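Here is how the chains run, residue by residue.
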Amino acid sequence: MSGDENVCNGVVLSALPKTWILDLDGSVVRHNGYKVDGHDTLLPGAKEFFGAIGSRDMVIFVTSRTQDCAEQTERFLSDNGIRFEHIIYGAPYGERILVNDDKPSGLCMAYAFAKKRDGVEFPSFTVDSSL
């Protein structure tokens, strides 16, 4: 299945610092907008989504863009208040797979959300400090 109807909303996360691993084109910015329009465009809801990410969290982008797009991409993100710690360029076009182990307490340590390309719905989450 694919599409915004699959975005799992209402996930409850722990108060621990998190690592967010995100695709860029079609997930956060208009797919190939930097090629088609000559510039990137944030998708609606992107600023609000990133505003909800904790300051102790790490943000990593994984993109098929080549390294020669780095300066333009990073300047756009910074100019738009989208913070990140790392960007991995040159990723293959295929699936992105996350594997992680759960904590002995039972805390789930890996989530995956598939968005419709250029979709406006971002996953929603709350933080529960008791977890």
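See the structure printed just above.
Residues numbered from 1 in each chain as written. Predicted model: local features only at pLDDT ≥ 70, side-chain atom pairs only at ≥ 80, totals over all residues. Heavy atoms only, no water.

(A) Structural detail: the overall build of the protein chain. Helices and strands together make up the secondary structure of the protein chain, namely 3 helices and 5 strands. Against the 2.2 N^0.38 benchmark of 14 Å for 131 residues, the protein chain shows a C-alpha radius of gyration of 15 Å, consistent with a compact globule. Along the first, second and third principal axes, the C-alpha set of the protein chain runs to 45 × 30 × 25 Å. Looking at the protein chain residue by residue over its 131 residues, the buried ones come to 36%. Here the protein chain displays about 8100 Å² of accessible surface, and carbon together with sulfur accounts for 54% of that area. In the protein chain, which carries 13 positive and 19 negative side-chain charges, the distance between the mean positions of the two groups comes to 1 Å. (Helix = DSSP H or I, 4+ residues; strand = E, 2+ residues; numbered from the N terminus. Rg over C-alpha atoms; globule rule 2.2 N^0.38 Å. Buried < 20%, exposed > 50% of the residue type's maximum accessible area, 1.4 Å probe, protein only. Areas by Shrake-Rupley, 256 points an atom, 1.4 Å probe, with all protein chains shown as cover. Lys, Arg positive; Asp, Glu negative; His and termini not counted. Charge placed at Lys NZ, Arg CZ, Asp CG, Glu CD.)

(B) Looking closely at the nonpolar core. With 22 residues, the main nonpolar core has W20, V28, F49, F50 and F61 as its most contacted residues. Within the residue set of this core, elements represented by two or more residues are β1 (11–14), β2 (19–23), α2 (46–51), β3 (58–62) and α3 (70–79). Discounting chain neighbours no more than four positions away, the residues touching V28 are D23, T41, L42, L43, A46, F50, F61 and F122. (Core = buried A, V, L, I, M, F, W, Y, C linked by side-chain atoms within 4.5 Å. Contact = heavy atoms within 4.5 Å.)

(C) How the structure looks around the sheet that holds strand β4 (residues 86–88). Taken in spatial order, the 3 strands of this open sheet run β2-β3-β4, and their pairing is parallel. Only two strands of the sheet have a single partner each, and these edge strands are β2 and β4. Each neighbouring strand pair of the sheet contributes to a mean axis angle of 20°, computed without reference to strand direction. With 5 bridges joining them, β2 and β3 adopt parallel strand pairing. (Pairing = 2+ DSSP bridges. Axes fitted to C-alpha atoms, helices over the stretch in contact; angles between N-to-C directions.)

(D) Up close: the pattern of salt bridges. Applying the stated criterion across every chain yields a total of 6 salt bridges. The partner of R96 in a salt bridge is D23, with the nearest N and O atoms 2.9 Å apart. You can see R96 sitting in the loop between β4 and β5 (125–128) and its partner D23 sitting in strand β2, a full 73 residues away along the chain. Residue R96 is classed as partly exposed on the basis of its relative accessible area, which comes to 39%. Residue classification places D23 among the partly exposed positions, given a relative accessible area of 25%. Between R65 and D25 there is a salt bridge, and its shortest N-O distance comes to 2.8 Å. Taken together, the residues R65 in the loop between β3 and α3 and D25 in the loop between β2 and α1 (33–36) connect sequence positions 40 residues apart. (Salt bridge = Lys/Arg side-chain N within 4 Å of Asp/Glu carboxyl O.)

(E) Layout of the packing of aromatic side chains. Taken as a whole and assessed by the stated rule, the structure comprises 8 aromatic pairs. With 6.5 Å between their ring centres and 10° between their planes, Y111 and F113 make a pair best called stacked. A relative accessible area of 30% places F113 in the partly exposed class. Members of the aromatic cluster, connected to one another through ring pairs, are W20, F49, F50, F61, F84, F122 and F125. A cation over a ring is seen here: K115 above F122, with NZ or CZ 3.8 Å from the ring centre. (Phe/Tyr/Trp six-rings, centres within 6.5 Å; stacked < 30°, edge-to-face > 60°. Lys NZ or Arg CZ within 6 Å of the ring centre and 35° of its normal.)

(F) Summary view of the layout of surface pockets. Size it by volume and the largest pocket reaches roughly 1600 Å³. Lining the largest pocket are 48 residues, and of these I21, L22, D23, R96 and F113 sit closest to its centre. Going through the elements one at a time, β1, β2 and α1 are the ones with two or more residues in the lining of the largest pocket. In terms of residue count, the dominant contributor to the lining of the largest pocket is β2 (5 residues). (1 Å grid on protein atoms, 1.4 Å probe; cavity = no way out; pocket = protein on both sides within 12 Å on 5 of 7 lines; lining within 4 Å. Points joined across faces, edges and corners; volume = space filled by probe spheres on them.)

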